Amino acid sequence: MSHIADAFKHGKAFIPFVTCGDPDLETTGKLVKAMAENGADLIELGIPFSDPTAEGPVIQEANLRALSGGVTTDRIFDFVRELRSKISIPLVFMTYANVVFSYGSESFIKTCAEIGMDGLILPDLPYEEKDEFAPLCRQYGIDLISLIAPTSKDRIAMIAGEASGFIYLVSSLGVTGVRSKITTDIGAMVSLVRKSTRVPCAVGFGISTPEQAKKMAGLSDGVIIGSALVKLIAKYGRDSIPHVTGYIRQIKAAIR
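All values reported here derive from a predicted model rather than from experimental measurement. (Residues numbered from 1 in each chain as written. Predicted model: local features only at pLDDT ≥ 70, side-chain atom pairs only at ≥ 80, totals over all residues. Heavy atoms only, no water.)

Draft legend 1. View of the packing of aromatic side chains. Scanning all chains against the criterion turns up nine aromatic pairs. Plain terms: the ring middles of Phe8 and Phe166 are 6.0 Å apart, the flat faces sit at 45° to each other, and that makes the pair tilted. Placement of the pair is Phe8 in the segment before strand E1 (13-19) and Phe166 in the loop between helix H7 (156-161) and strand E6 (167-170), with a sequence separation of 158 residues. On the basis of relative accessibility, which here comes to 15%, the residue Phe8 falls in the buried class. Seen in terms of ring centroids, Phe93 and Phe108 are 6.2 Å apart; in terms of plane orientation they differ by 50°. Their pairing is tilted. With Phe93 in strand E3 (residues 91-94) and Phe108 in helix H5 (residues 105-115), this residue pair connects regions lying 15 residues apart in the sequence. You can call Phe108 buried: its relative accessible area is 0%. Chaining the aromatic ring pairs together yields one cluster made of Phe77, Phe93, Tyr103 and Phe108. (Phe/Tyr/Trp six-rings, centres within 6.5 Å; stacked < 30°, edge-to-face > 60°. Helix = DSSP H or I, 4+ residues; strand = E, 2+ residues; numbered from the N terminus. Buried < 20%, exposed > 50% of the residue type's maximum accessible area, 1.4 Å probe, protein only.)

Here you go:
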């Protein structure tokens, strides 16, 4: 049984994202702990990559700050090992296929399992190529999270039918980032998914305000917020913990 299911047991799930090592791993640790204590149900940990194609400028810059600070995949693995002794909620890595390949796919996925990670999101991995990673993820008990975009129309049933953990519904075309409004018919996407699976769906890309979060949570099983949080961390750096905590509480209150 997937540990990720626990995140959706108590109503709508709130899933924040943070880039590991921005501004440094010590601050990331404090942020993750604060998120877990203030309403996060599952946390996405970004492993920085030099060419993050799905990301808008906010998360791209966070990747660059982390990499220029000397963050490596091995350092992040060590960081999670330590983090796991303090945090019990589900954790998933969000990174790029190249990061996993260059580390060695089996070594990477096996280490994820050993350090207590629950899932893996690879936004640049097309559904048709997921067999490069899916069997290893199954072998080591890691959920390979499927993404469904507004353009997935005819493939939604197929992707949903094989999904595990949770389904990441991409609310808008293009890259991650804060958006003033979300025009995609999320309700229609969710009902197509529901015909093929009981796996929960969470909506991400573009959500930043409590109002948007409430609306998206009303249509799905949870919301994912990245850029709005990363913006706060970019602005306040090592002093961002109280700002992030306040924001997390606002969003959690809105989707309850």
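Draft legend 2. Spatial organisation of the pattern of salt bridges. One pass over the structure, following the stated rule, counts 13 salt bridges. Between Lys86 and Glu82 there is a salt bridge, and its shortest N-O distance comes to 3.7 Å. What makes Lys86 partly exposed here is its relative accessible area of 48%. The shortest N-O distance in the salt bridge between Glu114 and Lys110 comes to 3.7 Å. Residue Glu114 and its partner Lys110 are both found in helix H5; the two are separated by four residues, about one turn of the helix. Using a relative accessible area of 38% as the deciding quantity, one classes Lys110 as partly exposed. (Salt bridge = Lys/Arg side-chain N within 4 Å of Asp/Glu carboxyl O.)

Draft legend 3. Spatial organisation of the layout of surface pockets. In this structure, the second largest pocket spans a volume of roughly 150 Å³. Every residue lining the second largest pocket is listed: Leu25, Glu26, Gly29, Lys30, Lys33, Phe79, Glu82, Leu83 and Lys86. The set of elements that each furnish at least two residues to the lining of the second largest pocket consists of helix H1 (25-37) and helix H3 (73-83). Take the lining of the second largest pocket: its biggest share by element is five residues, from H1. (1 Å grid on protein atoms, 1.4 Å probe; cavity = no way out; pocket = protein on both sides within 12 Å on 5 of 7 lines; lining within 4 Å. Points joined across faces, edges and corners; volume = space filled by probe spheres on them.)

Draft legend 4. Main features of the side chain of Thr245. Relative to the assigned elements, Thr245 resides in helix H11 (residues 241-255). A polar contact of 2.8 Å, which involves the side chain of Thr245, links it to the backbone oxygen of Ile241. Residues contacting Thr245, with those up to four places away along its chain left out, are Ala34 and Asn38. (Polar contact = N/O pair within 3.5 Å; in protein donor to acceptor, adjacent residues only side chain to side chain. Contact = heavy atoms within 4.5 Å.)

Draft legend 5. Structural detail: the state of the cysteines. The final tally for this structure, using the stated rule, is zero disulfides. The thiol sulfur of Cys20 is not disulfide-bonded, and the nearest other cysteine sulfur, from Cys112, lies at 11 Å. Looking at the unpaired Cys137, the closest cysteine sulfur is the one in Cys112, lying at 7.7 Å. (Disulfide = S-S within 2.5 Å.)

Draft legend 6. Expanded view of the packing of H3 against H5. Between H3 and H5, the least distance of the axes is 9 Å, while the angle of their chain directions is 20°. For the element pair H3 / H5, the angle class is roughly parallel. Note on packing geometry: the crossing formed by H3 with H5 is right-handed. Here H3 contributes Thr73, Phe77, Val80 and Arg81 to the contact with H5, which in turn contributes Phe108, Thr111, Cys112 and Ile115. (Axes fitted to C-alpha atoms, helices over the stretch in contact; angles between N-to-C directions. Parallel < 35°, antiparallel > 145°, perpendicular 65-115°, else oblique. Left-handed = near helix turned anticlockwise from the far one by under 90°.)

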